[in-house]
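Read off the chains here:
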Amino acid sequence: MDLYRAWSVVDGFRGHDRVRLNWFVIGREKPVAPYEELIKDYDSDDAEIVYDHLVVKELLTLQELEELRQYITNTHNTEIFAEKVELPVRRGGLSYSLVMMSGQDDFIFLPEEAGYNLSVNILAHYDLKGCPPAANIETVEALEGSENWELRFLQLCLEELGIFSYDKEALAEIAKKVSDSHGLAVVRK
């Protein structure tokens, strides 16, 4: 049994370049092989073994990797890189599922996309720390001082609708919330 780690490196993602997206399976009920074959020094009586279960359940089979590769290439025009994992894996690895349970929200949920039809649920984890600003997007600081373009965009939309009275601070909070939670940014053409 061969298992794989998969990732993509993308530019222009949430205002950053060279962002690594680490793809992993979530919600796999049973391992693809016995845990004794997948985890080095496996001990079913160890209370910490559940964390190692999560790690190996996140790895992709060759078939799942090929499904992911085809889906990501066709729907996102993005390349998938992969490496074969040396089995059995060492104990004590950190799973992305555990990172998600900790409350972090730096994930892409492929199963929520229209047309998703892979045999397993696959998500991606990313970390923008250390990623340079996107080269093809003008940053807020570079645009006429520090104007908030998300806020300005919402103000113009409201004015187009004939709404001229609104709470600017509340609108600024909404603009920031939408930008942060959805990874959207308004850029100047």
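Owing to the predicted nature of the structure, the values given are computational and were not obtained by experimental measurement.

**Q** Please explain helix H3 (residues 62-76) as it appears in this structure.
**A** Because an α-helix packs 3.6 residues into every turn, residues spaced three or four apart end up facing the same way. The terminal C-alpha atoms of H3 lie 20 Å apart, and with 15 residues this matches the ideal 21 Å at 1.5 Å per residue to within 8%. Those residues of H3 lying buried are Glu64, Leu65, Glu67, Leu68, Tyr71 and Ile72. Mapping the buried residues of H3 onto a view down its axis gives an arc of 160°, with all of them on the same face. Residues of H3 that are exposed and angled more than 90 degrees away from the buried face: Gln63, Gln70 and Asn74. Where H3 is buried, its residues meet strand S1 (4-10), strand S2 (19-26), strand S3 (81-84) and strand S5 (121-125). Positive backbone phi, at 50°, marks Asn77, one or two positions downstream of H3.

**Q** Would you mind going over the nonpolar core with me for this structure?
**A** In a soluble, globular protein the nonpolar side chains are often hidden away together inside. Counting 23 residues, the largest nonpolar core has Leu21, Trp23, Leu68, Leu110 and Ile122 as the members making the most contacts within it. Apart from the residues within four sequence positions on either side, Leu110 is in contact with Trp23, Leu68, Tyr71, Ile72, His76, Tyr116 and Ile122. Among the nonpolar cores identified, the runner-up in size contains eleven residues, and Leu3, Tyr42, Ile49 and Val56 belong to it.

**Q** In this structure, what is going on with the layout of surface pockets? I would like to understand it.
**A** Over the atoms rolls a probe the size of a water molecule, and in doing so it shows where empty space is left. Approximately 370 Å³ is the volume found for the second largest pocket. Lining the second largest pocket are 19 residues, and of these Arg5, Val55, Leu59, Leu94 and Tyr96 sit closest to its centre. Secondary structure elements with two or more residues in the lining of the second largest pocket: S1, S2 and helix H2 (49-58). Partitioning the lining of the second largest pocket into residue classes produces eleven nonpolar, three polar and five charged.

Cut-offs applied
- Residues numbered from 1 in each chain as written.
- Predicted model: local features only at pLDDT ≥ 70, side-chain atom pairs only at ≥ 80, totals over all residues.
- Heavy atoms only, no water.
- Helix = DSSP H or I, 4+ residues; strand = E, 2+ residues; numbered from the N terminus.
- Expected span 1.5 Å × (residues − 1).
- Buried < 20%, exposed > 50% of the residue type's maximum accessible area, 1.4 Å probe, protein only.
- Arc of directions from axis to C-beta.
- Contact = heavy atoms within 4.5 Å.
- Core = buried A, V, L, I, M, F, W, Y, C linked by side-chain atoms within 4.5 Å.
- 1 Å grid on protein atoms, 1.4 Å probe; cavity = no way out; pocket = protein on both sides within 12 Å on 5 of 7 lines; lining within 4 Å.
- Points joined across faces, edges and corners; volume = space filled by probe spheres on them.
- Nonpolar A, V, L, I, M, F, W, Y, C, P; charged D, E, K, R; others polar.

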